[in-house]
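Observations on the three-dimensional arrangement
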Amino acid sequence: MAIPDFQSVMRPVLSTVQNGASLPLNELRERVADQFQLTEDERKERLPSGHQTVINNRVGWARTYLNKAGLLCIPTKGMVQITPRGLDALSNGPQRITVSWLKQFPEFADFHTAKPQPVDAPSPLNVGVAETTPDEQLADAHQALMQSLADELLTQVRLGTPSFFEQLVVDLMIAMGYGGSRKEAGKATQATNDDGIDGIIKEDKLGLDVIYLQAKRWANTVHRPEIDKFIGALTRQRARKGVFITTSEFSEGARTAALGLDIKVVLIDGVELARLMVEHNLGVSVKQVYEVKHIDSDYFAGE
């Protein structure tokens, strides 16, 4: 069974504590995961941030929303207990408790920065958004922004001149920790411009090993013959490592040609190039920073 969205988790959270006894949050999470018969891999699946598992995040937000609506209370730190309103919701509420349904309770509506609505009123929220936790919404928004940025970056790179692209490749390798200084890397890439090799760059600052480069600012797909030529050039140079970078894409044959060799050949297509530029802050700058904070449990440990 797939991991349920956090709205689908709300009623199981309530039913887990319907006997009225308080229950530790960790045990609540385990029982809810058991109800949905999640596999071990599903229980371990993490949010994009990597800080928390998906199921724990969704149970946590379900608890928060139910608490804000008055269906649950937190009698002591780390504990969960149902309220009379929560028992009534189990008896008379819907089989699937949603954010829209919770908005009938004024305290929840105030928390959710929206006006209370009748139970049968249509939800103003997009279904896809309503079924994700705030953490997931933030992660999805960030991913969408990064994808848009990468697409825009790749467009700008393709509009540049060949000499600009050569310099971009040098700057990227330096940003990734290769090549020493820009001056040294620039000289290295200009020193070799024949036999199918566009440049040589240090793998480390001491130059104990080198990486041979091929850079193609192309709009068309790179096919196997180009990779075979690059491999041949590496072989003649007795090189052990090579990177082929293009602004376009590689055909399946091209990718197959780079596999199973004694020489290590890495292929970087336009999509990966843009992703690396974003990751290493090349050609981009920070627009705004949002801090996401959480409770410091250590601070309250001694109370």
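Residues numbered from 1 in each chain as written. Predicted model: local features only at pLDDT ≥ 70, side-chain atom pairs only at ≥ 80, totals over all residues. Heavy atoms only, no water.

Here's the deal with the overall build of the protein chain
Note the threshold: Each helix is a run of DSSP H or I of at least 4 residues and each strand a run of E of at least 2, with the numbering of both proceeding from the N terminus. Each residue's exposure class comes from its accessible area (1.4 Å probe, protein chains only) as a fraction of the maximum for that residue type: buried when under 20%, exposed when over 50%, partly exposed otherwise. Any two residues whose heavy atoms approach within 4.5 Å are treated as being in contact. Methods summary: accessible areas were calculated by the Shrake-Rupley approach with a probe of 1.4 Å, and residue burial reflects only the protein chains presented.
Across its full length, the protein chain carries 15 helices and seven strands. Expressed as a percentage of its 303 residues, the buried residues of the protein chain come to 41%. A sequence separation of at least 24 residues applies to 60% of the contacts in the protein chain between residues at least 6 apart. Split by element, the accessible area of the protein chain, about 17,600 Å² in all, is 52% carbon and sulfur.

Looking at the packing of aromatic side chains
The relation between two aromatic rings is expressed through the spacing of the ring centres and the mutual angle of the planes. We apply this condition: Note on aromatic contacts: the rings of Phe and Tyr and the six-membered ring of Trp form a pair at centre separations within 6.5 Å, being stacked when their planes are under 30 degrees apart, edge-to-face when over 60 apart, and tilted otherwise.
A full pass over the atoms with the stated rule returns six aromatic pairs. Look at Trp 61 and Tyr 65: their rings are 6.0 Å apart centre to centre, the planes differ by 90 degrees, and that puts the pair in the edge-to-face class. Within this pair, Trp 61 and its partner Tyr 65 are both found in helix H4 (residues 54-68), separated by four residues, close to a single helical turn. Given the relative accessible area of 22%, Trp 61 is considered partly exposed. Plain terms: the ring middles of Phe 230 and Phe 244 are 5.6 Å apart, the flat faces sit at 85 degrees to each other, and that makes the pair edge-to-face. Of the two residues, Phe 230 is situated in helix H12 (residues 224-236) and Phe 244 in strand S6 (residues 241-246); the sequence distance between them amounts to 14 residues. Taken together, the ring pairs in this structure connect Phe 6, Trp 61, Tyr 65 and Phe 108 into an aromatic cluster.

As for the environment of Leu 276
Relative to the assigned elements, Leu 276 resides in helix H14 (residues 270-279). Sequence separation of Leu 276 and Ala 175 is 101 residues, and the distance between their C-alpha atoms is 9.4 Å.

Overview of the packing of helix H1 (residues 6-16) against helix H2 (residues 25-35)
The cut-off we apply is this: What counts as an axis is a line fitted to C-alpha atoms, over the stretch in contact for a helix, and the angles between N-to-C directions run from 0 to 180 degrees. Reported orientations rely on four angle classes, namely roughly parallel under 35 degrees, roughly antiparallel over 145, roughly perpendicular from 65 to 115, and oblique for the rest. The sense of a crossing depends on the near helix, which, turned anticlockwise from the far helix by less than a right angle, makes the crossing left-handed and, turned clockwise, makes it right-handed.
Remark: H1 packs on H2, axes separated minimally by 10 Å, with the N-to-C direction vectors making an angle of 120 degrees. The pairing of H1 with H2 is recorded here as oblique in orientation. The handedness of the crossing between H1 and H2 is right-handed. On the side of H1, the interface is formed by Val 9, Pro 12, Val 13, Ser 15 and Thr 16, while H2 contributes Leu 28, Arg 31, Val 32 and Gln 35.

Some details on the pairing of strand S5 (residues 210-216)
Note the cut-off: For two strands to be treated as a pair, DSSP must find at least two bridges joining them.
Of all seven residues in S5, six are buried, a share of seventy percent or more. Where strand S4 (residues 199-202) meets S5, four bridges bridge the pair, whose relative direction is antiparallel. Residue pairing across strands places Lys 202 opposite Val 210, the latter belonging to S5. Relative to S6, S5 runs parallel, the two being bridged by five bridges.

These results come straight from atomic positions and should not be treated as a statement about function.
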